[in-house]
Amino acid sequence: MIQDKQWLLSVGVFLPLAGVLVMLFIPKKDEASAKGVAIITAALTLVVGVYTLLQFDYDQSEKLQFFTTNNWIKPIKATYTVGLDGISLPLYILSMVITLLVMIYSWDHVPSPGNAKAFFILMLVLQTGMAGTFVAQDLILFFVFFEVVLLPMYFMIGVWGGDNRQYASLKFFLYTMFGSALMLVAFIALFINTGSVSFSIPYLIEHGSSIAKNTAIWIFAGMFIGFAVKVPMFPFHTWLPDAHTQAPTQGSVILAAILLKLGTYGFVRIALPILPQAAVKWAPAIGVLAVVGIIYGSLGCLAQTDMKRLIAFSSVAHMGFVMLGISTLTPLGINAALFGMVAHGLITGMLFFVAGSVKERYHTLEIKRLSGMLLQMPRMGWILGFCAMASLGLPGLAGFWGEFPAILASWSPSSVLVANGHETLFRVLTIIAALGTVLAAGYLLWLYQRTAFGEPTAEFATAGHDSHGHDSHGSDSHGSDDHGSEDHHSDIHDVSTFEWIAWTPLLVAIVVFGVVPSLMFKIMDPAVQQLTSVFGGK
Amino acid sequence: MRGKPLGFAPDDSPWQITVPLIILGTLALVSGYLNAAPFHTEYFHEWLHSSIGVEVPEAPVFEWINAVPSIVLVALGFAVSLLLCKAVFGEKKNALQGLTTRNQLLGAGHKFLVNKYYLDALYEKVIVHGIAHPISKAAYWTNQHILDGIVNAVGKGGRRSGELVYKYIDQGLVDGAVNGSGATARGAGGALQPVQSGKVNLYGALLFGAAAVGALVLVLVNS
C-alpha cells in the first residue's frame, strides 16, 4: 500500500457533492446556472481524476495507492478505507469521463418533464456513488456507495423515464435491493467468520482463505447473487431491459457505462480474492451462466422490434463475455474482463446516446419505422455503424479486446480449474461463446441494415436532408410513439454541436484502445497477476 | 462473352475502385506471411502479445509433414481450375465448352456450384428463418413470460402478503391487542390515580423501575 496524497481520492469522490451543495442555492428557474455549476463540478472532478492518473505509480499498479484508512463507525468496526490500484483506476476515471460527457449532452437534452436542477443534482450524486464504489476498500463503505447509486437512478427512471417508468424504476430498485440484501448478509458472515476484526478488504483478503470451505461457498453464494443481479447475469437480468427502455438517455448511458460494472467489479475486487477456494467451486457455474447469457442475450436481441431494447439485451450478452473471462480465473481472462468492462462502457454508452438522439428526432425507436438514416442523417448513420462494428467485436476497435482474449482464456482456464476436471467444460464454453460473436454480428448488422440503409420510410421521407447539423432546442420526448410524425419532420437533423462534444471523446477512445490496448492492459495486468497468483497463475 | 448480351455498355472501374482493390489485393497476398510459422515470422503473435501485455497461449509447433498434403492439394486444385478455365473460356474450340448444357448431370453440378453449394439459401431459409427466428422468439417469450413472470409474481406476492399482514395481523391482531390494552390502561389509570402526585422525581423513579424490569426480562430471556 502506498500512503501518498491520502486526500486525493476523497476529493475525487466527494467533490460532486460540493457541487450539489452549491446547486441547492440556485433557484429552480435558473436552469442555465444549475447546469453550468453541475458541468463545472463534473469537469473539476475529472481534473482531479487526471491529476490522479498523473500521480499514479504505474510501476506499482498492483499496490493500493493514495491509500488512507480512518475510523468511521466504531461499534461495527467499519472504517473509511480508500485506495486505488490498476484494477480500479480505469473504472474510476471512466465514471468521471462518462458523467461529464452525459452532462454536456444534457445541456440541451433535459428530458421531459424538465427540472434541470434536480436532474443534474442526481447525476452528481450518482458520480459520488460510482467513484466511491471503485475506491472503497472496506466492505461497509463499499456497500454504502453501492447503494448510493440506486436512489438517483431510481428517480431518474421514475421521474424522467418513458410511459412505463414506474414499473421499471420499482423493478430496478427492488430487484437490486434484493441482491444487495443477500450481499450484505454475506459481508457480515465474512466479518464474523474472520474473527469479527475488520471489514477492511485488504484484511479480509489476508484472512478469507482461513474460512471453512463449505462456509466460504455459502458466503460466496450471497455475494454472487448480489453482484450477479447488478451485472446482470442470466437469469437475474430481467430488470435491465425494462430499466434501459424506460430510462432517459442519460440514465441508460450511465447504467450501461458504469452501473453494470459495479457488479463485475465486485466479483474481481471482493469475491475472488477474499474467497478463492469458493471461487474455484463457483467458477464452472459462473462460466456456464455467462455463456448462457451470451447466447440468450443475443437471441433476445434478434427478437426485438425496439432499437433501445435491442441494445439493452446486447448488454446481457456482452456482460456474459466479461463474466466468462472472470470465470477462467486466469490473468488473460480477468484482464479481458476488465478491458471488456471499459470497452462496453464506451461502446454501449455511445449506442444509447445514438438511440436517444434517434428517438428525439423520429419520436420512435421501432426498428421497422426507421430506415435510410444514412441518407437523412449521414453522420449519425456513420456513428451508429461505427458503434455497431465496435460492439460486435471488430478487431482494431475496443470491443475486440474484451471479447477475443476472454474466449481465448476460456480455452485454457486456470490450472486449478483444470486440476478439478473442468477443462473440457470450459472448452465447450469457448466454442459456444465464439458462436455468440456470430450472433452478435447478426443482430447488430441487422439493426444497422434496417435503420441506416435504404430509403427513409414513407412517413419520414419528406424530412429535410440536413447533414450540416444544428443544435436542437427541444427536449427528449418520452411520450407514446407519435405516428402522426408529419409535425416532427423538422426534428430530423444530423449530429448537433453538443452531441459532437459529448461523443467525440468516446469515439476517439474506442479507436485508441482498439489500436493500442496495451495502454490499459499494462495498468491492469500487475494487479490481476497478483490477484490470480492464488489460483496458480495461468 | 458467352451469356446474354448486356443491356448497357460496361465501363471499366474508375480509380476510386481500382486503387482500393489494388491495395486490398496486395494485402491479401502478403498479410498471411505476418504469421507464417514455416518462415519463422510471428509478427501477429508478437503484436497480440505486446498489445495485450500478458502471456498469450503458444501456438502448436509447425511441422512440414502436416502441411505438405494440404499444400499439394491446393496446388492441384489451382492447376486443375486453371486448365479448366483455359479450356472453357479460352478462344480455342474445345469439347469442354458447352458440356454442362449437353450433359444433364454436369449441368446439375454446374448449377450447384453457381449457387455456391446452396449455402446462402441454407443459411437464409433454414438457419435464419427456420431456426434462428423461432428460437429467438421462443427465448424472448421465455424471458417475458417465465423469468419475468417469476419476478412479477414475487413482486405481486410480496404486495399481497403485505396486504394480508396489514389486514389480519396488524389491524386485526396487533391493533386489536393495542385497543384492548388501551381499555386496560384506562381501567388501570383510575386505580393508579394516587401515584400521579405531580412529583417529577417519582415519575423518574417509576420510569427507572420500569426500565430495570424490562432489562431484567431481557437478561432472563437471553440467558
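Please read all numbers here as calculations on a predicted model, not as lab measurements.

About the cut-offs
- Residues numbered from 1 in each chain as written.
- Chains lettered and ligands numbered in written order.
- Predicted model: local features only at pLDDT ≥ 70, side-chain atom pairs only at ≥ 80, totals over all residues.
- Helix = DSSP H or I, 4+ residues; strand = E, 2+ residues; numbered from the N terminus.
- Buried ≥ 20, exposed ≤ 12 C-beta atoms within 10 Å, placed from the backbone.
- Axes fitted to C-alpha atoms, helices over the stretch in contact; angles between N-to-C directions.
- Parallel < 35°, antiparallel > 145°, perpendicular 65-115°, else oblique.
- Left-handed = near helix turned anticlockwise from the far one by under 90°.
- Contact = placed C-beta atoms within 7 Å.
- Nonpolar A, V, L, I, M, F, W, Y, C, P; charged D, E, K, R; others polar.
- Pairing = 2+ DSSP bridges.
- pLDDT = per-residue confidence, 0-100.
- Expected span 1.5 Å × (residues − 1).

A.B. asks: Is there a simple way to explain the environment of Val82 of chain A in this structure?
C.D. replies: Residue and element names in this part refer to chain A. With respect to the secondary-structure elements, Val82 resides in strand 2 (residues 78-84). With 27 C-beta atoms packed within 10 Å, Val82 lands in the buried category. In the structure, Val82 is positioned 190 residues away from Leu272 in sequence and 19 Å away in space, judged by C-alpha atoms.

A.B. asks: Explain the packing of helix 2 (residues 31-55) of chain A against helix 3 (residues 89-106) of chain A to me, please; I cannot follow it from the model alone.
C.D. replies: Axes are the key here: two packed helices are described by the angle between their axes and the distance separating the axes. Residue and element names in this part refer to chain A. Direction vectors running N to C along helix 2 and helix 3 enclose 155°, while the axes themselves pass 9 Å from each other. Relative to helix 3, helix 2 is oriented roughly antiparallel. The hand of the helix 2/helix 3 crossing is left-handed. On the side of helix 2, the interface is formed by Ala38, Ile39, Ala42, Ala43, Thr45, Leu46, Gly49 and Leu53, while helix 3 contributes Tyr92, Ile93, Met96, Val97, Thr99, Leu100, Met103 and Ile104. When grouped by side-chain class, the residues that make up the contact of helix 2 with helix 3 number 13 nonpolar, three polar and no charged.

A.B. asks: What is the right way to read the interface of chain B and chain A from this model?
C.D. replies: Accessible area lost on assembly of the parts is the figure often given for the size of an interface. Listed by partner, the interface residues are 17 residues for chain B and 20 residues for chain A. Those elements giving two or more residues to the side of chain B that touches chain A turn out to be helix 2 (43-52) and helix 6 (119-191) of chain B. Residues of the side of chain B that touches chain A, tallied by class, amount to nine nonpolar, six polar and two charged.

A.B. asks: What is the right way to look at helix 10 (residues 239-246) of chain A in this model?
C.D. replies: Structurally, the α-helix is built with 3.6 residues per turn, so residues lying three or four positions apart point the same way. With eight of eight residues buried, helix 10 of chain A is to be regarded as a mostly interior element. Where helix 10 of chain A is buried, its residues touch helix 6 (150-160), helix 7 (165-193), helix 11 (249-274) and helix 13 (307-327) of chain A.

A.B. asks: Just to check I follow, could you spell out the environment of Gly325 of chain A for this structure?
C.D. replies: Relative to the helices and strands, Gly325 of chain A resides in helix 13. Sequence-distant contacts of Gly325 of chain A, defined by excluding residues within four places in its chain, comprise Gly333, Ile334, Ala336, Ala337, Gly340, Ala406 and Ala409 of chain A.

A.B. asks: Just to check I follow, could you spell out the pairing of strand 1 (residues 65-73) of chain A for this structure?
C.D. replies: Regular strands place their side chains on alternate faces of the sheet. Residue and element names in this part refer to chain A. As paired strands, strand 1 and strand 2 are joined by six bridges and run antiparallel to one another. Across the sheet, residue Ile73 finds its bridge partner in strand 2, namely Ala78. Joining the antiparallel neighbours strand 1 and strand 2 is a turn of four residues, in which Lys77 adopts a positive phi near 60°.

A.B. asks: How do you make sense of the confidence of the model for chain B when you look at a structure like this?
C.D. replies: Low pLDDT marks regions whose predicted coordinates should not be analysed in detail. Taken as a whole, chain B shows an average pLDDT of 80; of its residues, 77% reach a score of 70 or greater. Across the predicted assembly, pTM comes out at 0.81 and ipTM at 0.74.

A.B. asks: What should I look at first to understand the confidence of the model for chain A in this one?
C.D. replies: On average, residues of chain A score 91 in pLDDT, and 94% of them reach the 70 mark or higher. Contacts from residues 466-486 of chain A, a stretch scored under 50 in pLDDT, to residues over four places away or in other chains number 54 contacts.

A.B. asks: Which parts of the structure should I look at to understand helix 9 (residues 213-230) of chain A?
C.D. replies: Between its terminal C-alpha atoms helix 9 of chain A stretches 26 Å, which fits the 26 Å expected from 18 residues at 1.5 Å a residue. For helix 9 of chain A, the complete set of buried residues consists of Ala216, Ile219, Phe220, Gly222, Met223, Phe224, Ile225, Gly226, Phe227, Ala228, Val229 and Lys230 of chain A.

A.B. asks: What is the right way to read the environment of Ala458 of chain A from this model?
C.D. replies: Among the structural elements, Ala458 of chain A can be located in the loop between helix 19 (423-452) and helix 20 (497-515). Distance from Ala458 of chain A to Gly320 of chain A, taken between C-alpha atoms, is 39 Å for residues 138 residues apart in sequence.

A.B. asks: I'm lost on the packing of helix 12 (residues 276-302) of chain A against helix 13 of chain A in this one. Help?
C.D. replies: Residues and elements named next belong to chain A. Close contact between helix 12 and helix 13 brings their axes to 7 Å; oriented N to C, the two are set at 160°. With respect to helix 13, the axis of helix 12 lies roughly antiparallel. Classified by chirality, the crossing of helix 13 by helix 12 is left-handed. From helix 12, Ala283, Ile286, Gly287, Ala290, Val291, Gly293, Ile294, Tyr296, Gly297, Ser298, Gly300 and Cys301 reach across to helix 13, where they touch Leu310, Phe313, Ser314, Val316, Ala317, Met319, Gly320, Phe321, Met323, Leu324, Ile326 and Ser327. Here the contact of helix 12 with helix 13 is composed, by residue class, of 16 nonpolar, eight polar and no charged.

A.B. asks: I tried to follow unusual backbone geometry on my own but got confused; where do I start?
C.D. replies: A negative phi angle characterises most non-glycine residues, just as the trans form characterises most peptide bonds. Of note, the bond from Val231 of chain A into Pro232 of chain A is cis; its omega dihedral lies within 30 degrees of zero at -10°. Among the secondary structure elements, Pro232 of chain A is positioned in the loop between helix 9 and helix 10. That bond from Phe234 of chain A to Pro235 of chain A is cis: its omega, 0°, falls within 30 degrees of zero. Residue position: Pro235 of chain A is located in the loop between helix 9 and helix 10. Backbone geometry places Tyr117 of chain B, a non-glycine residue, at a positive phi of 60°. Here Tyr117 of chain B is to be found in the loop between helix 5 (104-114) and helix 6. Judged by the 10 C-beta atoms lying within 10 Å of it, Tyr117 of chain B is exposed.

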